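Single-letter residue listing:
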Amino acid sequence: VKIHNVRRHGGDIRFCAASQAAREEGLQKLVDAGLVPIHPYDHHDIICGQGTAALEMLHQQPELDVLLAPVGGGGLIAGCAIAAKHLVPGIRVIGAEPLGAADTAESLRRGARVKSWAPDTVADGLRALVGEFTFPIIREWVNEVLTVSEDAILTGMDHVWNTFDMLIEPSSATVIAAIMEHPEHFQGRSVGAILSGGNVDLQDFLQYAQDRD
């Protein structure tokens, strides 16, 4: 569905293998051909732009105790953490990351950025490796990154659909999964959770769920 939507709006898609090395190699070829790269997350302007999600949320709900966001390449949570901590210094910023793409959690555990990871998760928007710019920000400003299971991600999608009639993509559902699997971090607190996208192909999602069963 994401490919279809990009093409529908006139975008030209170039494919590569699903690895960080292949992405970087493919991008470099396009840059060498004269195209200008716009990084999806590992750039200061992108980090600042994505941080406006927290800015807007905290203007509406300044009494939040916790801000919860998905973690992939780290642009969203890095920007949100900077904004949130400056607006509400005592707020806890927590990330939600799939177990099958937990390079950020592992990087925090090691104290150094993981440079290679083979992601295996339905949350396709979070398969990117945490960035060189975003990781130091996450290490300084994010309180914790919680990992979540594939089953909890799918259950989170189902829960939001049944409760709000809202279709969210698996990457977005990681925040719901984190609340379900790690309730001790959220009980008795006012929590703002960022739902980061709704791009999902129902046919592929249903097939994935059937395959897991």
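In the block above lies the structure referred to throughout.
Here, residues in each chain are numbered from 1, in the same order as that chain's written sequence. Residue-level local features of this predicted model are given only where pLDDT is at least 70; pairs of side-chain atoms are given and counted only at 80 or more, and the full residue set underlies all totals for whole chains, interfaces and linings. Side-chain descriptors were evaluated using all non-hydrogen atoms of the structure, hydrogens and water having been removed beforehand.

A.B. asks: Just to check I follow, could you spell out the overall build of the protein for this structure?
C.D. replies: Strands here are runs of E lasting at least two residues and helices are runs of H or I lasting at least four, both read from the DSSP assignment and numbered beginning at the N terminus. Of regular secondary structure, the protein possesses 10 helices and 4 strands. A compact globule built from 213 residues should have a C-alpha radius of gyration of about 17 Å, and the protein, at 17 Å, falls within 12% of that. Looking at the protein as a whole, 42% of its 213 residues are labelled buried. In this description, accessible areas are obtained by the Shrake-Rupley approach with a 1.4 Å probe, and a residue is regarded as covered only by the protein chains that are shown. Counting only carbon and sulfur atoms, one obtains 52% of the accessible surface of the protein, whose full area is about 11,700 Å². Values of the radius of gyration come from C-alpha atoms, whereas the globule rule sets the reference at 2.2 Å times the count of residues to the power 0.38. Residue burial is assigned from relative accessible area. The probe radius is 1.4 Å, only protein chains are included, and a residue is buried under 20% of its type maximum, exposed over 50%, and partly exposed in between.

A.B. asks: Is there a simple way to explain the nonpolar core in this structure?
C.D. replies: Considering soluble globular proteins, one finds that nonpolar side chains tend to be buried as a cluster. Counting 27 residues, the largest nonpolar core has L67, I77, I91, V93, I138, V142 and I194 as the members making the most contacts within it. Every element with two or more residues in this core is listed here: α4 (52-60), β1 (66-70), α5 (75-87) and α7 (134-141). Considering every element that reaches this core, the biggest residue donor is α5, with 7 residues. With residues near it in sequence (within four places) discarded, V142 still touches I77, A81, V93, G95 and I137. Note on terminology: a nonpolar core comprises buried Ala, Val, Leu, Ile, Met, Phe, Trp, Tyr and Cys residues joined through side-chain atoms within 4.5 Å. In this structure, L68, I168, I176 and A178 belong to the second largest nonpolar core, which totals 20 residues. Any two residues whose heavy atoms approach within 4.5 Å are treated as being in contact.

A.B. asks: Even after reading the chapter, I still don't get the packing of helix α8 (residues 150-164) against helix α9 (residues 170-181), so can you show me in this structure?
C.D. replies: Two packed helices can be described by the angle between their axes and the distance between those axes. At a minimum axis separation of 7 Å, α8 and α9 run at an interaxial angle of 100°. One element, α8, and the other, α9, form an angle in the roughly perpendicular class. Here α8 contributes A152, I153, T155, G156, M157, H159 and V160 to the contact with α9, which in turn contributes P170, A173, T174, I176, A177, M180 and E181. Fitted lines through C-alpha atoms give the axes, limited to the stretch in contact for helices. The angle between two N-to-C directions lies from 0 to 180 degrees. For classification, angles of less than 35 degrees are called roughly parallel, those exceeding 145 degrees roughly antiparallel, those between 65 and 115 degrees roughly perpendicular, and all remaining angles oblique.

A.B. asks: What am I meant to see in the state of the cysteines here?
C.D. replies: Linking two cysteines covalently through their sulfur atoms gives a disulfide. Disulfides are defined as cysteine sulfur pairs within 2.5 Å. Summed over the entire model, instances satisfying the criterion amount to 0 disulfides. In this structure C80 is not part of a disulfide, and its nearest cysteine sulfur, from C48, lies 11 Å away. Residue C80 is classed as buried on the basis of its relative accessible area, which comes to 0%.

A.B. asks: I would appreciate a short explanation of the pairing of strand β2 (residues 92-98) in the present structure.
C.D. replies: Most of β2 is tucked away: 6 of the 7 residues are buried. After leaving β1, the chain enters α5 and then returns to the sheet as β2, a path that is right-handed. Pairing between two strands is assigned when DSSP locates at least 2 bridges connecting them. As defined by bridge partners, β2 adjoins strand β3 (residues 144-148) across 5 bridges and the pair is classed as parallel. Across the sheet, the residue bridging to G95 is V145, located in β3. Looking down the strands as they point away from the viewer, one classifies a crossover as right-handed if the path from the first strand across the helix to the second runs clockwise.

A.B. asks: Mind showing me how you'd approach the side chain of E169 here?
C.D. replies: Examined against the element boundaries, E169 turns out to sit in the loop between α8 and α9. Dropping the residues within four chain positions of it, E169 is found in contact with K2, M157, G197, G198, N199 and V200.

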